[in-house]
Amino acid sequence: MSTTTTAGGHRPLLELRQLEKRYGNGTLALQGMDLAIGEHEFVSFLGPSGCGKSTALKMIAGLSPITGGTIAWGGPGQADHSHDISFVFQEPTLMPWATVFNNVWLPLRLKGRSRAEARAEVEAALQTVGLAQFAEVYPRELSGGMKMRVSIARAMVTQPRLLLMDEPFAALDEMTRFKLNNDTLALWQANRFTTIFVTHSVYESVYLSNRIIVMAARPGRVIADIRIDEPYPRSDAFRTTARYNELCVQVSQALHSAGGDH
Ligand SMILES: Nc1ncnc2c1ncn2[C@@H]1O[C@H](COP(=O)(O)OP(=O)(O)OP(=O)(O)O)[C@@H](O)[C@H]1O
């Protein structure tokens, strides 16, 4: 990486340079995507369906091969955190036959940690999402919001440097989504990881992020990089401020120029 800080003054975590994805069937999902993300940023990828948000996230996670360009990790004197990543999907993807404890233990178990060795960390992760009392419950006994909390606890248990969230709250009702927005921000502030959050919602992206990357489709690319320089912690009162509304209008306009129907 050529710089020691990103435009927002953060130490660099990763940089996409001319990133391209062409799927085997010929679809050009991303082309010429340039983006530097700093440590402890909360970045949203916002854009119409099919603009390559999930594709970019999967490539950053190393789950989808790069067909052009590069992803560089760290910067001068900075560590490579490409292995300190957790992913939260739209579906909670819990193992139905396993208790909440065993679901959250899974990433540590895959690293060879016994139940006894992992116990304190699993319990701490459940505590952070308010589910300490539900360790021995099975997923079928939980509401949609609680299942998503388990999914977030499972992502947090390895203490990632980068948390990737792909429309995690899209299937939840509005009250639950607002609550989980606040919980996500509290976890991000307390643990100082970087978050990349994929969403279709202008309102959600402005509420959460300090930076919104607006993308357009055919081919997928970045068309706007908007800073949301409002202080944290943000609370539900922020949603009712004139400034929040102004920012939503600004971001909506950028999204409309992307050809979205939002
Ligand atoms: N495995 C695949 N094989 C072929 N084409 C794919 C594959 N996955 C995605 N695509 C195509 O790549 C483009 C980008 O898809 P992607 O899912 O990344 O977009 P998105 O912005 O996340 O969309 P959405 O908001 O609907 O989830 C789309 O045209 C999609 O049809």
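Scroll up for the structure.
Here the structure is a predicted model, which means the values were calculated and not measured.

Asker: Just to check I follow, could you spell out the overall build of the protein chain for this structure?
Answerer: If you tally the helices and strands in the protein chain, you get seven helices and nine strands. Relative to the globule expectation of 18 Å for 262 residues, the C-alpha radius of gyration of the protein chain, 18 Å, shows essentially globular dimensions. Relative to its 262 residues, the protein chain shows a buried fraction of 39%. Considering only intrachain contacts with a sequence separation of at least 6, the fraction spanning at least 24 residues in the protein chain is 74%.

Asker: Looking at this structure, I do not really get the sheet that holds strand E4 (residues 68–73). What am I missing?
Answerer: Within a sheet, each strand pairs with its neighbour through backbone hydrogen bonds, oriented either parallel or antiparallel. Taking strand neighbours across the sheet as the criterion, the three strands line up as E2-E1-E4 in an open arrangement whose pairing is antiparallel. In this open sheet, the two strands that pair with only one neighbour each are strand E2 (28–38) and E4. If you compare each strand with its neighbour and ignore which way they point, the axes differ by 10° on average. Judged from the five bridges that link them, strand E1 (residues 12–22) and E4 form a sheet pairing that is antiparallel. Opposite Arg17, over in E4, you have Thr70 as the bridge partner.

Asker: Would you take a moment to explain the sheet that holds strand E7 (residues 194–199) for this structure?
Answerer: If you trace the six strands from one edge of the open sheet to the other, you get E5-E6-E7-E3-E8-E9, paired in mixed fashion. A single partner strand is all that each edge strand has here, and the edge strands are strand E5 (85–88) and strand E9 (221–227). In this sheet, neighbouring strand axes are inclined to one another by 20° on average, regardless of whether the strands run parallel or antiparallel. For strand E6 (residues 162–166) and E7, the ladder comprises five bridges, and the chain directions are parallel. Each residue of the ladder has a partner; that of Leu162, found in E7, is Thr194. Across the sheet, helix H7 (residues 242–257) lies against strand E3 (42–46), strand E8 (211–216) and E9, angled at about 170° from E9, the strand it touches most.

Asker: Can you help me understand unusual backbone geometry in this one?
Answerer: Excluding glycine, residues mostly carry a negative phi; peptide bonds, for their part, are mostly trans. Cis rather than trans, the peptide bond between Arg218 and Pro219 has omega equal to -10°. On the secondary structure map, Pro219 appears in the loop between E8 and E9. In this structure, Arg192 takes a positive phi of about 60° despite not being glycine. For Arg218, which is not a glycine, the phi torsion comes out positive at approximately 50°. Owing to 14 C-beta atoms within 10 Å, Arg218 belongs among the partly exposed residues under this scheme.

Asker: Help me out: how do you make sense of helix H2 (residues 100–110) in this one?
Answerer: Each full turn of the α-helix corresponds to 3.6 residues, which orients residues three or four apart in the same direction. Buried residues of H2: Val100, Phe101, Asn103, Val104, Trp105, Pro107 and Leu108, and no others. Two residues or fewer past H2, Gly112 is found with a positive phi of approximately 90°.

Asker: Whenever I open this one, the nonpolar core confuses me. Can you help?
Answerer: In a soluble, globular protein the nonpolar side chains are often hidden away together inside. The biggest cluster of nonpolar side chains holds 65 residues, and the ones touching the most others in it are Val104, Val122, Leu126, Ala153, Leu164, Ile196 and Ile213. Leaving out residues up to four positions away in the same chain, Ile213 has contacts with Leu35, Val43, Ser44, Phe45, Leu46, Val222 and Asp225.

What counts, and at which threshold
- Residues numbered from 1 in each chain as written.
- Predicted model: local features only at pLDDT ≥ 70, side-chain atom pairs only at ≥ 80, totals over all residues.
- Helix = DSSP H or I, 4+ residues; strand = E, 2+ residues; numbered from the N terminus.
- Rg over C-alpha atoms; globule rule 2.2 N^0.38 Å.
- Buried ≥ 20, exposed ≤ 12 C-beta atoms within 10 Å, placed from the backbone.
- Contact = placed C-beta atoms within 7 Å.
- Pairing = 2+ DSSP bridges.
- Axes fitted to C-alpha atoms, helices over the stretch in contact; angles between N-to-C directions.
- Core = buried A, V, L, I, M, F, W, Y, C linked by C-beta atoms within 7 Å.

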